[in-house]
Amino acid sequence: MESVRLVARLRRGGVLWPGSRAAGVDVGRLAVPGLVVFAPLAWFAGLAALPMVGSVAVVNGELVLAEDPGPWQPGWVAGVAVMVVAAYAVVSGATMLLAAARQTGRQAEPATALGMAVRRWPALLAVTAITVLGAAAVVGAGVGVQVALRWEFLSWLTAGGLALAASPVLLAGPVLVLERRGPVQAVGRAYRLAVEGTWPDVIALLTGAVLVPALAVRAALWALDAVPAPLAITFAAALAVTVVPFQASVLTRAYLQRLAWRHTALQDSAVFPETVALKDIPSCQNGRPPTGAEPAGTWMWRLVAAVLLPAVLYAMTATANLLDRPELYRRPVTAVSGPVAAHLTGDGRLLLLLDDLDTPPTLLACTAPACTDTATVYAGPAGEDLWRDVASAPLPGGRLLLASWATTDGGTGRLDLLLCDAKNCTRPPGTAGRVSAGPHEFALAVAARPGGGGLVLAHAGESGAGKPGEQTVAFTSCADLACSTPVTRQAAVLKVPAYLDKEDGFALAVAPDGRPVAAQLDATTGAVHVVSCQDAACERATVSTPVSGSAAPARGFALGTPRSGLALAMRRDGRPVVAYQAGADGAVTLLDCRTSDCADGRTTRLSEAVHGPPVLVLDRAGRALVAYQDVARDRIALTSCTAARCGTVAVARLDGAGRHLALTLDGAGRPVLAWTAAHDRDGSHVLVSTLLDP
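Residues numbered from 1 in each chain as written. Predicted model: local features only at pLDDT ≥ 70, side-chain atom pairs only at ≥ 80, totals over all residues. Heavy atoms only, no water.

### Describing the pairing of strand β25 (residues 615-618)
Of the two faces of β25, the one lined by Val615 and Val617 and the one lined by Leu616 and Leu618 are each fully buried. By the bridge criterion, 4 bridges tie β25 to strand β26 (residues 624-630) in an arrangement that is antiparallel. Across the sheet, valine 617 pairs through a bridge with leucine 625, a residue of β26. Where β25 hands over to β26, the hairpin turn is made up of 5 residues, of which glycine 622 adopts a positive phi near 85°. (Buried < 20%, exposed > 50% of the residue type's maximum accessible area, 1.4 Å probe, protein only. Helix = DSSP H or I, 4+ residues; strand = E, 2+ residues; numbered from the N terminus. Pairing = 2+ DSSP bridges.)

Here it is, written out as structure tokens:
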């Protein structure tokens, strides 16, 4: 009589809901094989990933890959993928045996089920591989139709039809486990059983065994990207140990229901004549588990502990920085162009100067030192007063000076100055003097004299009477911020090609004694020219070339190449420091001058192929901090150099980064970087990162 009721129960209620309910009732026991197999696999994968720890950074309390970890990552991913598929084959086989026993009034021990699965792992792996290849064929056919015919409806129709045709393969797992058949026999037997079912049964089978697990994986991936890492890891771990029991329970229910429609009553201990694997499993008496079986609640507590453990370990590792990785605080800023400069105001707020070729320069100010929000301080000018390129210089007290050649009739430039703080930008007080640039004199740099003693401007370009290939460098001294009485002196004539991108290859700094120093990069040869004034008024100047570069332009050098740029800083003893990127090979090099005129210096190669010019600051300890975009390692890198010793940390992946970076120090002397990360419908997202442990 009991067997008749069992058959009647298996025939009722379809497949999806009864299978899901059975998984939920006994999830603690059904999840045991997954915990036993996947937990050691996770530890092994973590140990195998240790060679990639050097590419990790702690960003906002979470561990992230801040650079390309190199050739180890593809091998690690492939190895883990193979092990996961093999482990899934064993876990699914053991779980299906547990689920079948539960649904037929029996109770198998997880150790028994795992032992059976381990003994039959080659056959289980073969069936899993057949299923995976069938799914890949279905997806590939749909994509192929879409690529060939550009007809999305037909693509979905093709994939759906093939999925229905391949769905009986899903029953091969229960057949192999419960009937102890070989892989090929199991597939044939699965198709014969599927013929006896109905279309709703097939759809339920696909929903429970494919669609729901796929949605669970998609939800886990979403959680890893959208919620804090500990919560996402807990959610992903919970799905990892519950999806297989759900899937196995639905598949087993579909298989047993097929058998229930073949038999009206059961007369032997094997439940059904075909399910020989169940004959040695004891039955539950009056709904109670056999003697010696552990209570379901024990397994549930173990399951909860196993789900929470990965998040706890992750939180401990990230919070305490047990891996001793660089720690950064990162926040996004929405803007329409990329940052070219970053400065700190007197109250500790960050100013970001944004500029590109298509929009007027924009100045953004963080509304708080944490930079959780920004406000536009200045946007413009536009129209006839459009600025060509913007130079900026920090002033005592935290204000920022912006300078540019404003266009005038005839193609000449007129110096335009703005004085900015975190609230607005205004013209400097006083009457501005006239400082003009010729039609080919576009490069401009500006710096404040020490102690607030006015401004120094450096401008370079071809003069009207200049010879081809010659570039004049001039300095303009201003006694006040309005530059009301400018004094301009030509300091040098350099042999530099006329077509160079001078805006990125020209820089200015002022020594503590007030002497202006300018540097010009010849991107075609990699030569660095340094023009040093002997006094604050620059009545005399010397020119040195500490880096002579190659004898001829680099082969393949293209006009307008973005792979060149130069940054200049001044030490407290008056020695210049230069970071430059030559277009010859795109490498970043640090030049540390040994003398004030840089007639002699030490060069240190920091990186190979780099996108965009480097940026440079000196920290309070006198270390040279150089930030650049390392294309070879797919990272935004920050290198710190003391004498000839340099160390580099990865700040972030490039992720479609723009050409320019901005670098400054915050009130605590920590490096702050800003860059353009990616573009979307709302504009470019500028990311600002502070290195918390320089």
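Continuing now.
### Some remarks on the state of the cysteines
Overall, the coordinates contain 6 disulfides when judged by the stated rule. The residue that forms a disulfide with cysteine 533 is cysteine 538, at a sulfur-sulfur distance of 1.9 Å. Its S-S torsion of approximately -70° makes the covalent link between cysteine 533 and cysteine 538 left-handed. Bridging cysteine 641 to cysteine 646, the disulfide has an S-S length of 2.0 Å. Because the torsion about its S-S bond is 115°, the bridge between cysteine 641 and cysteine 646 counts as right-handed. Disulfide connectivity for the protein chain, with bonded cysteines indexed by sequence position, reads 1-2, 3-4, 5-6, 7-8, 9-10, 11-12. (Disulfide = S-S within 2.5 Å.)

### A closer look at the packing of helix α4 (residues 32-48) against helix α5 (residues 72-103)
Their axes nearest at 9 Å, the elements α4 and α5 cross at an angle of 170°. On the basis of the axis angle, α4 is roughly antiparallel to α5. Contacts between α4 and α5 involve Pro33, Gly34, Val37, Phe38, Leu41, Phe44, Ala45 and Ala48 from the former and Trp72, Trp76, Val80, Met83, Val84, Ala87, Tyr88, Val91, Ala94, Thr95 and Leu98 from the latter. Within the contact of α4 with α5, the residues separate by chemical class into 17 nonpolar, 2 polar and no charged. (Axes fitted to C-alpha atoms, helices over the stretch in contact; angles between N-to-C directions. Parallel < 35°, antiparallel > 145°, perpendicular 65-115°, else oblique. Contact = heavy atoms within 4.5 Å. Nonpolar A, V, L, I, M, F, W, Y, C, P; charged D, E, K, R; others polar.)

### Overview of unusual backbone geometry
Positive phi outside glycine occurs at asparagine 60, with the angle close to 50°. Among the structural elements, asparagine 60 can be located in the loop between β1 (56-59) and β2 (62-65). For aspartate 324, which is not glycine, the phi dihedral falls at a positive 55°. Here aspartate 324 shows up in the loop between α13 (296-319) and β3 (327-335). The exposure class assigned to aspartate 324 is exposed, which follows from its relative accessible area of 61%.

### A closer look at helix α11 (residues 199-226)
Under the 1.5 Å per step criterion, the end-to-end length of α11 is 38 Å for 28 residues, consistent within 8% with the ideal 40 Å. At threonine 207, α11 shows its maximal bend, which comes to roughly 40°. Those residues of α11 not exposed but buried are Asp201, Val202, Ala204, Leu205, Leu206, Gly208, Ala209, Pro213, Ala216, Ala220 and Ala223. The elements touched by buried residues of α11 are α2 (16-25), α8 (152-166) and α12 (229-260). (Expected span 1.5 Å × (residues − 1). Bend = angle between axes of the 7 residues up to and from the residue.)

### Thoughts on the side chain of arginine 253
Mapped onto the elements of the fold, arginine 253 is located in helix α12. Among buried charged residues, arginine 253 stands out as having no salt bridge; its nearest opposite-charge side chain is aspartate 201, 8.9 Å away. Once you skip the residues sitting within four places of it in the chain, arginine 253 turns out to touch Arg9, Leu10, Arg12, Gly14, Val15, Pro18, Gly19 and Gln103. (Lys, Arg positive; Asp, Glu negative; His and termini not counted. Salt bridge = Lys/Arg side-chain N within 4 Å of Asp/Glu carboxyl O.)

### Considerations on the sheet that holds β25
Taking strand neighbours across the sheet as the criterion, the 4 strands line up as β25-β26-β27-β28 in an open arrangement whose pairing is antiparallel. Either end of the sheet is taken by a strand with one partner, and the two such strands are β25 and β28 (645-652). Taken pair by pair, the neighbouring strands of this sheet meet at an average axis angle of 20°, ignoring direction. Relative to strand β27 (residues 635-642), β26 runs antiparallel, the two sharing 7 bridges. Residue pairing across strands places glutamine 629 opposite isoleucine 636, the latter belonging to β27.

### A word on the confidence of the model for the protein chain
Overall, the predicted model of the protein chain reaches an average pLDDT of 82, with 85% of residues at or above 70. At the level of individual helices and strands, the protein chain shows its lowest average pLDDT in strand β12 (residues 436-437), which scores 62, and its highest in β25, which scores 94. (pLDDT = per-residue confidence, 0-100.)

### Examining the environment of serine 548
Position of serine 548 relative to the elements: it lies in the loop between β20 (541-547) and β21 (565-570). Take serine 548: its relative accessible area is 55%, and that puts it in the exposed class. Spatially, the C-alpha atoms of serine 548 and valine 528 are 6.7 Å apart, while their sequence positions differ by 20 residues. Once residues within four sequence positions are removed from consideration, serine 548 is found in contact with Thr525 and Ala527.

### Observations concerning the pattern of salt bridges
Inspection of the entire model under this criterion finds 18 salt bridges. Among the ionic pairs, arginine 571 bridges to aspartate 592, the shortest N-O distance being 3.0 Å. Taken together, the residues arginine 571 in the loop between β21 and β22 (576-581) and aspartate 592 in strand β23 (residues 588-593) connect sequence positions 21 residues apart. The class for arginine 571 is buried, based on a relative accessible area of 12%. By relative accessible area, which is 8% here, aspartate 592 ends up buried.

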